[in-house]
Amino acid sequence: MKQDERSLTSLPGKGWRPLFIFLTLLFIISCQKKSETSFLKEGSIVPNIILRSADGTSNWSLENEKAPVVIINFWATWCSSCKEQMPSMKRFFQERKGKGVKLITILFRDDPFRAMEFMQERGYDFPVTVDPDLKIAQLFGVTGVPETYIINRERILLNRIIGPFDWDSPDFKQYIDGLLK
């Protein structure tokens, strides 16, 4: 046999087979179609969600909510964008309070005591809830904060807003008011 006609079995070195097997498996795995992460998409029915208030004194349940529009906002005190949108969020909440819109905020990877202190210092009075095991965040597919989700009375996820936005926006207010009619 000539020098360049050697078979794989005659290659020098003892560690090539495990390496060959590893690379083959890696190639096969990378070629497989990866399954999509399962989270709620717009148009999905939102299952019942039960959340505990950040101060631990009460629970809120989507199933028991009577408001025709529920807005869920994930946020954190360490998130500068979250804090920047809070004043317009407060104005929106004050204008719509008792008019068929329920705003629920969910703390994302943050300390509930720090959040309650933050809310009190700034005079924010909208509900703050916790998601300690991140099950609700996973359900919605939260990747960061702020993220906002709009749900109608039939518990259908209508819209997801990724990132900060202006709650004072006439378009947003018109959209929400349209849902109330």
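Structure shown above.
Each chain carries its own residue numbering, running from 1 in the direction its sequence is written. Predicted model: local features are reported for residues with pLDDT of at least 70 only, side-chain atom pairs are reported and counted for 80 or more only, and whole-chain, interface and lining totals are derived from all residues. Values reported for side chains reflect all heavy atoms of the structure, with hydrogen atoms and water molecules removed beforehand.

The next point concerns the state of the cysteines. Cysteine sulfur atoms that come within 2.5 Å of each other are treated as a disulfide pair. Throughout the structure, instances matching the rule amount to one disulfide. Bridging C79 to C82, the disulfide has an S-S length of 2.5 Å. One disulfide, between C79 and C82, carries an S-S torsion of 85° and so falls in the right-handed class. Partly exposed residues are those whose accessible area sits between 20% and 50% of the maximum for their type, while under 20% is buried and over 50% is exposed, using a 1.4 Å probe and protein chains only. Looking at C79, the relative accessible area reads 6%, which means it is buried.

The next point concerns the pattern of salt bridges. Here, a salt bridge means any Lys or Arg side-chain nitrogen found within 4 Å of an Asp or Glu carboxyl oxygen. A full pass over the atoms with the stated rule returns eight salt bridges. For the salt bridge of D168 with R91, the shortest nitrogen-to-oxygen distance reads 2.5 Å. Taken together, the residues D168 in the loop between strand 7 (157-162) and helix 5 (170-180) and R91 in helix 2 (residues 80-96) connect sequence positions 77 residues apart. Judged by relative accessible area, which is 41%, R91 ranks as partly exposed. Notably, a salt bridge pairs D110 with R114, separated by 3.8 Å at the nearest N-O pair. Each member of the salt-bridge network shares a partner with another, and the members are E95, R96, K173 and D177. What counts as a helix is a DSSP run of H or I of at least four residues, what counts as a strand is a run of E of at least two, and both are numbered from the N terminus.

Attention shifts here to the packing of aromatic side chains. Pairing of aromatic rings covers Phe, Tyr and Trp, the last counted by its six-membered ring, and requires centre-to-centre distances within 6.5 Å; plane angles under 30 degrees mean stacked, over 60 mean edge-to-face, and any other angle means tilted. Applying the stated rule across the entire model yields 12 aromatic pairs. On the basis of an interplanar angle of 45° and a centroid distance of 5.1 Å, the ring pair of F92 and F172 is categorised as tilted. Of this pair, F92 sits in helix 2 while F172 is found in helix 5, placing the two residues 80 residues apart along the sequence. Ring centres of Y124 and F126 lie 5.7 Å apart, and the angle between their planes is 25°; on these two criteria the pair is classed as stacked. We classify F126 as buried; its relative accessible area is 3%.

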